[in-house]
Amino acid sequence: MTAETFLPFSRPTIDEATIASVGDVLRSGWITTGPKNAAFESQLSEYFGGRPVRTFNSGTCTMEIALRIAGIGKGDEVITTPISWPATSAVILEVGATPVFADIDPVTRNIDLDKLEAAITPRTKALLPVFLSGLPVDMDRLYAIARKHNLRVVEDAAQAFGSLWQGKRIGAFGDFSSFSFQVNKNLTTGEGGCLVMNTPEEARLAEKYRLQGVTRSGVDGIDVDVLGGKYNMSDIMAVIGLGQMKTIAAVTAQRRKLAEHYFAAFGTDFESATGAQLPVQAFDTSNWHLFQIILPDRGPGTRADFMTRMQKEHNIGTGYHYAAIHLFTLYRELGFKEGMFPIAEKIGRLTVTLPMFYTMTTQDVERVVAATRKVLAA
Ligand SMILES: *Cc1c(COP(=O)(O)O)cnc(C)c1O
(Lines give C-alpha, C1' and ligand atoms only; values in the text may rest on other atoms or scores of the structure.)
Protein backbone atom coordinates (compact mmCIF):
# COMPACT_ATOMS: atom_id res chain seq x y z
CA MET A 1 0.00 0.00 0.00
CA THR A 2 1.02 3.57 -0.45
CA ALA A 3 0.47 6.59 1.74
CA GLU A 4 -0.13 8.83 -1.26
CA THR A 5 -3.68 10.03 -1.84
CA PHE A 6 -5.85 8.24 -4.37
CA LEU A 7 -5.49 9.58 -7.89
CA PRO A 8 -8.56 8.74 -10.01
CA PHE A 9 -8.33 8.43 -13.81
CA SER A 10 -10.91 11.20 -14.20
CA ARG A 11 -12.54 13.80 -11.99
CA PRO A 12 -15.04 16.56 -12.92
CA THR A 13 -14.42 20.18 -11.92
CA ILE A 14 -17.48 22.33 -11.23
CA ASP A 15 -16.54 25.79 -9.98
CA GLU A 16 -18.31 27.62 -7.15
CA ALA A 17 -19.98 30.12 -9.51
CA THR A 18 -21.55 27.21 -11.42
CA ILE A 19 -22.69 25.56 -8.19
CA ALA A 20 -24.31 28.85 -7.15
CA SER A 21 -26.02 29.18 -10.55
CA VAL A 22 -27.62 25.75 -10.07
CA GLY A 23 -29.10 27.08 -6.82
CA ASP A 24 -30.46 30.10 -8.69
CA VAL A 25 -32.19 27.85 -11.23
CA LEU A 26 -33.69 25.72 -8.46
CA ARG A 27 -35.05 28.85 -6.75
CA SER A 28 -36.31 30.42 -9.99
CA GLY A 29 -39.43 28.29 -10.34
CA TRP A 30 -38.38 27.08 -13.82
CA ILE A 31 -36.22 23.99 -13.61
CA THR A 32 -37.03 22.03 -16.75
CA THR A 33 -36.01 23.01 -20.30
CA GLY A 34 -36.26 26.80 -20.49
CA PRO A 35 -34.22 29.99 -20.73
CA LYS A 36 -30.93 28.44 -19.49
CA ASN A 37 -31.19 25.71 -22.10
CA ALA A 38 -31.88 28.29 -24.82
CA ALA A 39 -28.82 30.26 -23.68
CA PHE A 40 -26.67 27.12 -23.61
CA GLU A 41 -27.81 26.12 -27.11
CA SER A 42 -27.06 29.58 -28.42
CA GLN A 43 -23.55 29.60 -26.86
CA LEU A 44 -22.90 26.16 -28.29
CA SER A 45 -24.05 27.33 -31.71
CA GLU A 46 -21.67 30.27 -31.51
CA TYR A 47 -18.85 27.94 -30.41
CA PHE A 48 -19.51 25.76 -33.46
CA GLY A 49 -19.42 28.58 -35.98
CA GLY A 50 -23.13 29.39 -36.04
CA ARG A 51 -24.42 25.92 -36.95
CA PRO A 52 -27.77 24.92 -35.37
CA VAL A 53 -27.32 23.04 -32.07
CA ARG A 54 -29.88 21.24 -29.92
CA THR A 55 -29.25 19.72 -26.48
CA PHE A 56 -30.39 16.33 -25.17
CA ASN A 57 -30.11 14.40 -21.93
CA SER A 58 -27.38 12.03 -23.14
CA GLY A 59 -24.80 11.65 -25.88
CA THR A 60 -26.38 8.29 -26.65
CA CYS A 61 -29.82 9.66 -27.56
CA THR A 62 -28.07 12.51 -29.41
CA MET A 63 -26.57 9.99 -31.85
CA GLU A 64 -29.82 8.07 -32.11
CA ILE A 65 -31.72 11.25 -33.00
CA ALA A 66 -29.09 12.17 -35.61
CA LEU A 67 -29.68 8.79 -37.27
CA ARG A 68 -33.45 9.37 -37.15
CA ILE A 69 -33.14 12.86 -38.66
CA ALA A 70 -30.97 11.33 -41.42
CA GLY A 71 -33.77 8.85 -42.07
CA ILE A 72 -31.70 5.78 -41.22
CA GLY A 73 -33.77 2.71 -40.41
CA LYS A 74 -34.63 -0.87 -41.28
CA GLY A 75 -32.58 -2.33 -44.09
CA ASP A 76 -29.87 0.32 -43.88
CA GLU A 77 -26.27 -0.41 -42.97
CA VAL A 78 -24.22 1.95 -40.83
CA ILE A 79 -20.45 1.52 -40.66
CA THR A 80 -18.81 2.06 -37.28
CA THR A 81 -15.84 1.11 -35.11
CA PRO A 82 -15.72 -1.88 -32.77
CA ILE A 83 -13.67 0.15 -30.24
CA SER A 84 -16.10 2.47 -28.51
CA TRP A 85 -18.55 2.59 -25.65
CA PRO A 86 -21.48 0.21 -26.49
CA ALA A 87 -23.67 3.28 -27.19
CA THR A 88 -22.15 3.80 -30.64
CA SER A 89 -23.41 0.58 -32.15
CA ALA A 90 -26.47 0.34 -29.87
CA VAL A 91 -28.04 3.41 -31.49
CA ILE A 92 -27.71 1.77 -34.91
CA LEU A 93 -29.69 -1.22 -33.66
CA GLU A 94 -32.08 1.11 -31.83
CA VAL A 95 -33.23 2.73 -35.10
CA GLY A 96 -33.62 -0.71 -36.71
CA ALA A 97 -30.52 -0.48 -38.92
CA THR A 98 -27.61 -2.92 -39.17
CA PRO A 99 -24.22 -2.15 -37.62
CA VAL A 100 -21.27 -2.98 -39.87
CA PHE A 101 -17.87 -2.85 -38.19
CA ALA A 102 -14.58 -1.91 -39.81
CA ASP A 103 -11.37 -2.65 -37.91
CA ILE A 104 -9.29 0.12 -36.33
CA ASP A 105 -5.94 1.66 -37.16
CA PRO A 106 -3.41 0.33 -34.60
CA VAL A 107 -1.68 3.72 -34.30
CA THR A 108 -4.64 6.13 -33.99
CA ARG A 109 -6.97 3.44 -32.57
CA ASN A 110 -9.76 5.06 -34.58
CA ILE A 111 -11.68 3.36 -37.39
CA ASP A 112 -9.37 2.58 -40.34
CA LEU A 113 -10.77 4.61 -43.25
CA ASP A 114 -9.46 2.14 -45.87
CA LYS A 115 -11.36 -0.66 -44.15
CA LEU A 116 -14.36 1.62 -43.73
CA GLU A 117 -14.44 2.31 -47.48
CA ALA A 118 -14.00 -1.39 -48.25
CA ALA A 119 -17.03 -2.18 -46.05
CA ILE A 120 -19.40 0.02 -48.09
CA THR A 121 -22.19 -1.88 -49.86
CA PRO A 122 -25.27 -0.70 -51.81
CA ARG A 123 -27.17 -0.82 -48.47
CA THR A 124 -24.75 1.48 -46.64
CA LYS A 125 -26.51 4.73 -45.70
CA ALA A 126 -24.33 6.30 -43.04
CA LEU A 127 -20.91 6.37 -41.42
CA LEU A 128 -20.58 6.58 -37.63
CA PRO A 129 -16.90 7.12 -36.75
CA VAL A 130 -15.70 7.75 -33.19
CA PHE A 131 -12.96 10.23 -32.33
CA LEU A 132 -11.44 8.12 -29.58
CA SER A 133 -9.74 10.02 -26.76
CA GLY A 134 -10.54 13.23 -28.66
CA LEU A 135 -8.38 12.40 -31.68
CA PRO A 136 -10.36 12.99 -34.90
CA VAL A 137 -10.06 10.69 -37.92
CA ASP A 138 -8.73 12.21 -41.16
CA MET A 139 -11.77 14.43 -41.69
CA ASP A 140 -10.91 15.33 -45.30
CA ARG A 141 -10.72 11.67 -46.23
CA LEU A 142 -13.86 10.79 -44.23
CA TYR A 143 -15.95 13.41 -46.03
CA ALA A 144 -14.41 12.58 -49.41
CA ILE A 145 -15.56 8.96 -48.93
CA ALA A 146 -19.00 10.12 -47.76
CA ARG A 147 -19.42 12.40 -50.81
CA LYS A 148 -18.18 9.77 -53.25
CA HIS A 149 -20.66 7.18 -51.98
CA ASN A 150 -23.46 9.62 -51.12
CA LEU A 151 -23.53 8.73 -47.42
CA ARG A 152 -24.62 10.63 -44.32
CA VAL A 153 -22.09 11.05 -41.51
CA VAL A 154 -22.88 11.04 -37.82
CA GLU A 155 -19.67 11.90 -35.99
CA ASP A 156 -19.55 10.33 -32.53
CA ALA A 157 -17.62 13.30 -31.21
CA ALA A 158 -18.66 12.44 -27.62
CA GLN A 159 -15.03 12.74 -26.53
CA ALA A 160 -13.96 15.49 -28.93
CA PHE A 161 -15.32 18.75 -27.48
CA GLY A 162 -12.57 21.29 -28.18
CA SER A 163 -10.66 19.07 -30.63
CA LEU A 164 -9.49 20.53 -33.94
CA TRP A 165 -9.02 19.48 -37.54
CA GLN A 166 -6.65 21.74 -39.49
CA GLY A 167 -7.39 24.57 -37.10
CA LYS A 168 -11.17 24.17 -37.34
CA ARG A 169 -13.17 22.96 -34.36
CA ILE A 170 -14.70 19.52 -34.55
CA GLY A 171 -18.40 20.37 -34.71
CA ALA A 172 -17.84 23.56 -36.71
CA PHE A 173 -18.09 21.71 -40.03
CA GLY A 174 -19.38 18.44 -41.42
CA ASP A 175 -22.74 16.65 -41.42
CA PHE A 176 -23.92 15.69 -37.88
CA SER A 177 -21.56 16.13 -34.90
CA SER A 178 -22.73 14.47 -31.70
CA PHE A 179 -21.21 15.41 -28.33
CA SER A 180 -21.65 13.96 -24.85
CA PHE A 181 -21.64 15.92 -21.59
CA GLN A 182 -21.44 12.80 -19.42
CA VAL A 183 -19.50 13.32 -16.22
CA ASN A 184 -16.04 12.20 -17.44
CA LYS A 185 -16.15 14.27 -20.62
CA ASN A 186 -14.07 17.47 -20.97
CA LEU A 187 -17.27 19.53 -20.68
CA THR A 188 -19.97 18.04 -18.47
CA THR A 189 -23.56 18.82 -17.51
CA GLY A 190 -23.73 15.78 -15.20
CA GLU A 191 -25.38 13.88 -18.04
CA GLY A 192 -26.27 15.30 -21.42
CA GLY A 193 -25.28 15.84 -25.01
CA CYS A 194 -25.75 18.05 -28.02
CA LEU A 195 -26.14 17.66 -31.74
CA VAL A 196 -24.68 20.10 -34.26
CA MET A 197 -26.54 20.11 -37.57
CA ASN A 198 -26.74 22.15 -40.77
CA THR A 199 -30.30 23.23 -41.46
CA PRO A 200 -33.25 24.72 -39.54
CA GLU A 201 -35.34 21.75 -40.78
CA GLU A 202 -32.96 19.31 -39.08
CA ALA A 203 -33.09 21.38 -35.89
CA ARG A 204 -36.90 21.35 -35.95
CA LEU A 205 -36.89 17.57 -36.34
CA ALA A 206 -34.39 17.31 -33.47
CA GLU A 207 -36.82 19.24 -31.28
CA LYS A 208 -39.63 16.87 -32.20
CA TYR A 209 -37.60 13.73 -31.58
CA ARG A 210 -36.53 14.97 -28.17
CA LEU A 211 -40.05 15.71 -26.96
CA GLN A 212 -42.46 12.92 -27.92
CA GLY A 213 -42.80 14.10 -31.51
CA VAL A 214 -44.98 16.99 -30.45
CA THR A 215 -45.38 20.12 -32.56
CA ARG A 216 -47.37 23.06 -31.26
CA SER A 217 -49.57 25.38 -33.25
CA GLY A 218 -51.29 28.21 -31.45
CA VAL A 219 -52.09 28.14 -27.74
CA ASP A 220 -54.25 25.05 -27.60
CA GLY A 221 -53.16 23.03 -30.64
CA ILE A 222 -50.68 20.19 -30.68
CA ASP A 223 -49.97 17.52 -33.23
CA VAL A 224 -47.70 14.47 -33.37
CA ASP A 225 -46.34 13.36 -36.74
CA VAL A 226 -43.17 11.49 -35.78
CA LEU A 227 -42.42 9.04 -32.97
CA GLY A 228 -40.33 10.87 -30.40
CA GLY A 229 -38.94 10.16 -26.94
CA LYS A 230 -38.27 12.20 -23.80
CA TYR A 231 -34.75 13.42 -24.30
CA ASN A 232 -34.77 17.09 -23.28
CA MET A 233 -32.11 18.77 -21.14
CA SER A 234 -33.33 20.52 -17.99
CA ASP A 235 -32.25 24.05 -17.09
CA ILE A 236 -30.46 22.54 -14.07
CA MET A 237 -28.15 20.70 -16.48
CA ALA A 238 -27.95 23.58 -18.96
CA VAL A 239 -26.75 26.06 -16.36
CA ILE A 240 -23.91 23.67 -15.47
CA GLY A 241 -23.04 23.64 -19.18
CA LEU A 242 -23.03 27.45 -19.27
CA GLY A 243 -20.57 27.47 -16.37
CA GLN A 244 -18.40 24.84 -18.08
CA MET A 245 -18.30 26.89 -21.31
CA LYS A 246 -16.41 29.57 -19.39
CA THR A 247 -13.58 27.18 -18.49
CA ILE A 248 -13.40 24.88 -21.53
CA ALA A 249 -10.49 26.74 -23.12
CA ALA A 250 -8.48 26.50 -19.89
CA VAL A 251 -9.47 22.83 -19.50
CA THR A 252 -8.28 22.01 -23.03
CA ALA A 253 -5.02 23.92 -22.54
CA GLN A 254 -4.30 22.17 -19.23
CA ARG A 255 -4.99 18.74 -20.75
CA ARG A 256 -2.56 19.49 -23.59
CA LYS A 257 0.05 20.55 -21.07
CA LEU A 258 -0.45 17.34 -19.07
CA ALA A 259 -0.21 15.24 -22.25
CA GLU A 260 3.05 16.96 -23.19
CA HIS A 261 4.30 16.24 -19.71
CA TYR A 262 3.32 12.57 -20.05
CA PHE A 263 5.40 12.24 -23.23
CA ALA A 264 8.35 14.04 -21.66
CA ALA A 265 8.18 11.93 -18.50
CA PHE A 266 7.84 8.62 -20.36
CA GLY A 267 10.80 9.64 -22.49
CA THR A 268 11.89 8.16 -25.77
CA ASP A 269 12.97 4.80 -24.31
CA PHE A 270 9.66 3.85 -22.65
CA GLU A 271 8.25 1.95 -25.62
CA SER A 272 11.42 -0.02 -26.40
CA ALA A 273 12.11 -0.71 -22.70
CA THR A 274 8.62 -1.99 -21.89
CA GLY A 275 6.96 -3.00 -25.15
CA ALA A 276 4.07 -0.67 -24.34
CA GLN A 277 2.73 1.81 -26.91
CA LEU A 278 2.03 5.51 -26.26
CA PRO A 279 -0.69 7.47 -28.06
CA VAL A 280 -0.09 9.62 -31.15
CA GLN A 281 1.40 13.01 -30.27
CA ALA A 282 -1.54 14.83 -31.86
CA PHE A 283 -1.03 18.28 -30.38
CA ASP A 284 -2.65 20.07 -33.34
CA THR A 285 -5.87 18.10 -33.08
CA SER A 286 -6.64 16.18 -29.88
CA ASN A 287 -8.34 17.69 -26.82
CA TRP A 288 -6.63 14.94 -24.77
CA HIS A 289 -9.88 13.60 -23.39
CA LEU A 290 -8.05 10.37 -22.50
CA PHE A 291 -4.38 9.43 -22.29
CA GLN A 292 -4.30 5.79 -23.33
CA ILE A 293 -1.40 3.38 -23.58
CA ILE A 294 -1.38 -0.12 -25.05
CA LEU A 295 0.15 -2.63 -22.65
CA PRO A 296 2.69 -5.25 -23.74
CA ASP A 297 0.82 -8.54 -24.18
CA ARG A 298 1.57 -10.86 -21.28
CA GLY A 299 -1.34 -13.17 -21.93
CA PRO A 300 -4.81 -13.34 -20.36
CA GLY A 301 -5.21 -10.97 -17.44
CA THR A 302 -2.52 -8.56 -18.64
CA ARG A 303 -4.72 -5.48 -18.16
CA ALA A 304 -6.52 -6.67 -15.02
CA ASP A 305 -3.13 -7.32 -13.42
CA PHE A 306 -1.82 -3.88 -14.43
CA MET A 307 -4.93 -2.07 -13.19
CA THR A 308 -4.97 -3.97 -9.88
CA ARG A 309 -1.31 -3.27 -9.21
CA MET A 310 -1.63 0.44 -10.09
CA GLN A 311 -4.49 0.61 -7.59
CA LYS A 312 -3.06 -1.58 -4.80
CA GLU A 313 0.61 -0.67 -4.99
CA HIS A 314 0.38 2.96 -6.12
CA ASN A 315 -3.16 4.12 -5.23
CA ILE A 316 -3.75 5.19 -8.83
CA GLY A 317 -7.05 4.62 -10.64
CA THR A 318 -6.98 3.58 -14.28
CA GLY A 319 -9.71 2.69 -16.75
CA TYR A 320 -10.10 1.09 -20.13
CA HIS A 321 -11.79 2.53 -23.21
CA TYR A 322 -12.84 0.15 -24.61
CA ALA A 323 -13.41 -3.58 -25.01
CA ALA A 324 -14.24 -4.66 -28.58
CA ILE A 325 -18.02 -4.33 -29.00
CA HIS A 326 -18.45 -7.18 -31.52
CA LEU A 327 -17.38 -9.72 -28.87
CA PHE A 328 -20.20 -8.81 -26.45
CA THR A 329 -22.94 -11.46 -26.12
CA LEU A 330 -25.55 -9.38 -27.96
CA TYR A 331 -23.26 -8.99 -30.97
CA ARG A 332 -22.11 -12.63 -30.95
CA GLU A 333 -25.82 -13.50 -31.10
CA LEU A 334 -25.99 -11.32 -34.23
CA GLY A 335 -23.22 -13.42 -35.79
CA PHE A 336 -20.03 -11.53 -34.94
CA LYS A 337 -17.09 -13.70 -33.95
CA GLU A 338 -13.58 -13.61 -32.57
CA GLY A 339 -11.03 -13.04 -35.34
CA MET A 340 -13.20 -10.70 -37.42
CA PHE A 341 -11.47 -7.49 -36.30
CA PRO A 342 -8.10 -8.61 -34.91
CA ILE A 343 -6.61 -5.17 -34.23
CA ALA A 344 -9.68 -4.07 -32.28
CA GLU A 345 -9.63 -7.36 -30.38
CA LYS A 346 -6.00 -6.94 -29.40
CA ILE A 347 -6.31 -3.28 -28.43
CA GLY A 348 -9.62 -4.01 -26.70
CA ARG A 349 -7.70 -6.40 -24.41
CA LEU A 350 -4.61 -4.26 -23.87
CA THR A 351 -5.63 -0.60 -23.87
CA VAL A 352 -5.52 1.18 -20.54
CA THR A 353 -6.42 4.77 -19.66
CA LEU A 354 -4.11 6.69 -17.36
CA PRO A 355 -5.30 9.60 -15.20
CA MET A 356 -6.05 12.86 -17.03
CA PHE A 357 -8.25 15.66 -15.73
CA TYR A 358 -8.23 19.44 -15.35
CA THR A 359 -7.07 19.67 -11.73
CA MET A 360 -4.33 17.07 -12.15
CA THR A 361 -0.77 18.41 -11.79
CA THR A 362 2.47 17.68 -13.60
CA GLN A 363 3.70 16.04 -10.36
CA ASP A 364 0.70 13.70 -10.58
CA VAL A 365 1.78 12.86 -14.14
CA GLU A 366 5.27 12.00 -12.90
CA ARG A 367 3.79 9.80 -10.19
CA VAL A 368 1.71 7.90 -12.78
CA VAL A 369 4.68 7.48 -15.11
CA ALA A 370 6.95 6.19 -12.30
CA ALA A 371 4.24 3.76 -11.18
CA THR A 372 3.59 2.57 -14.75
CA ARG A 373 7.30 1.93 -15.31
CA LYS A 374 7.54 0.02 -12.01
CA VAL A 375 4.50 -2.16 -12.68
CA LEU A 376 5.66 -2.95 -16.23
CA ALA A 377 9.22 -3.72 -15.09
CA ALA A 378 8.22 -6.60 -12.85
C1 LIG B 1 -19.55 9.01 -23.48
C2 LIG B 1 -19.63 8.38 -24.80
C3 LIG B 1 -20.84 8.03 -25.40
C4 LIG B 1 -22.15 8.08 -24.66
O5 LIG B 1 -22.48 9.30 -24.18
P6 LIG B 1 -23.53 9.40 -22.99
O7 LIG B 1 -23.66 10.87 -22.77
O8 LIG B 1 -22.95 8.67 -21.80
O9 LIG B 1 -24.80 8.79 -23.44
C10 LIG B 1 -20.84 7.53 -26.68
N11 LIG B 1 -19.71 7.37 -27.37
C12 LIG B 1 -18.52 7.67 -26.83
C13 LIG B 1 -17.30 7.48 -27.66
C14 LIG B 1 -18.44 8.17 -25.53
O15 LIG B 1 -17.23 8.44 -25.00
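If you're wondering where the values come from, they're calculated on a predicted model, not measured in any experiment. (Residues numbered from 1 in each chain as written. Predicted model: local features only at pLDDT ≥ 70, side-chain atom pairs only at ≥ 80, totals over all residues. Heavy atoms only, no water.)

### Topic: the domain arrangement of the chain
Here the chain is described as being made up of domain 1 (16-245) and domain 2 (248-377). A straight line from the C-alpha centre of domain 1 to that of domain 2 covers 25 Å. Counting residues at the interface gives 38 residues for domain 1, matched by 37 residues for domain 2. For the domain 1 and domain 2 pair, buried surface summed over both sides reaches about 3,000 Å², with 60% attributable to carbon and sulfur atoms. For the domain 1 face of the interface with domain 2, the top three residues by lost area are Phe101, Arg109 and Asn186, together amounting to 24%. Summed over the shared surface of domain 1 and domain 2, the number is zero salt bridges. Where domain 1 touches domain 2, the interface holds 19 residue pairs in polar contact (both at pLDDT 80 or more). (Domains from an automatic or database assignment. Contact = heavy atoms within 4.5 Å. Buried area = accessible area lost by both parts, 1.4 Å probe. Salt bridge = Lys/Arg side-chain N within 4 Å of Asp/Glu carboxyl O. Polar contact = N/O pair within 3.5 Å; in protein donor to acceptor, adjacent residues only side chain to side chain.)

### A short note on helix H2 (residues 35-47)
Between the first and last C-alpha of H2 there are 18 Å, a value that for 13 residues agrees with the 18 Å anticipated at 1.5 Å per step. Every buried residue of H2 is accounted for by Asn37, Phe40, Glu41, Leu44, Ser45 and Tyr47. Take H2 and look down its axis: the buried residues cluster within an arc of 155 degrees, on one side only. Of the exposed residues in H2, those oriented more than 90 degrees away from the buried face are Pro35 and Glu46. Among the structural elements, strand S1 (53-56), strand S7 (168-169), strand S9 (193-196), helix H7 (200-210) and helix H8 (235-266) are those in contact with the buried residues of H2. (Helix = DSSP H or I, 4+ residues; strand = E, 2+ residues; numbered from the N terminus. Expected span 1.5 Å × (residues − 1). Buried < 20%, exposed > 50% of the residue type's maximum accessible area, 1.4 Å probe, protein only. Arc of directions from axis to C-beta.)

### What to know about the environment of Arg210
You can see Arg210 is positioned in helix H7. Distance in space between the C-alpha atoms of Arg210 and Ser45 is 18 Å, their sequence separation being 165 residues. Other than its neighbours up to four places away in sequence, Arg210 contacts Asn37, Glu41, Arg54, Thr55, Phe56, Ile65, Gly229, Lys230, Tyr231 and Asn232.

### With respect to the site of the ligand
Neighbouring residues of the ligand: 16 residues in total, closest Gly59, Thr60, Asp156, Ser180 and Lys185. Separating an oxygen atom of the ligand from a backbone N or O atom of Gly59 is a distance of 2.7 Å. Contact with the protein chains hides 92% of the accessible area of the ligand, taken as 380 Å² for the molecule alone. Secondary structure elements with two or more residues in the shell around the ligand: helix H3 (59-69) and helix H4 (87-94). Its residues assigned to classes, the shell around the ligand shows five nonpolar, nine polar and two charged. (Near = heavy atom within 4 Å. Areas by Shrake-Rupley, 256 points an atom, 1.4 Å probe, with all protein chains shown as cover. Nonpolar A, V, L, I, M, F, W, Y, C, P; charged D, E, K, R; others polar.)

### Re the packing of aromatic side chains
By the definition in use, this model includes 21 aromatic pairs. Judged by centre distance (5.5 Å) and plane angle (75 degrees), the rings of Phe48 and Phe161 are edge-to-face. Taken together, the positions of Phe48 in the loop between H2 and S1 and Phe161 in the loop between strand S5 (152-156) and strand S6 (164-165) put the pair 113 residues apart, joining distant regions of the chain. Phe161 matches Phe48 in its accessibility class, with the two residues each being buried. Pairing Phe266 with Phe270 gives two aromatic rings, centres 4.2 Å apart and planes at 40 degrees, and the pair type is tilted. Among the residues examined, Phe266 registers a relative accessible area of 0% and is labelled buried. If you follow Arg169 out to its NZ or CZ, it ends over the ring of Tyr47, 3.7 Å from the centre. The lysine or arginine in question, Arg303, covers the ring of Tyr320, its NZ or CZ lying 3.7 Å from the ring centre. (Phe/Tyr/Trp six-rings, centres within 6.5 Å; stacked < 30°, edge-to-face > 60°. Lys NZ or Arg CZ within 6 Å of the ring centre and 35° of its normal.)

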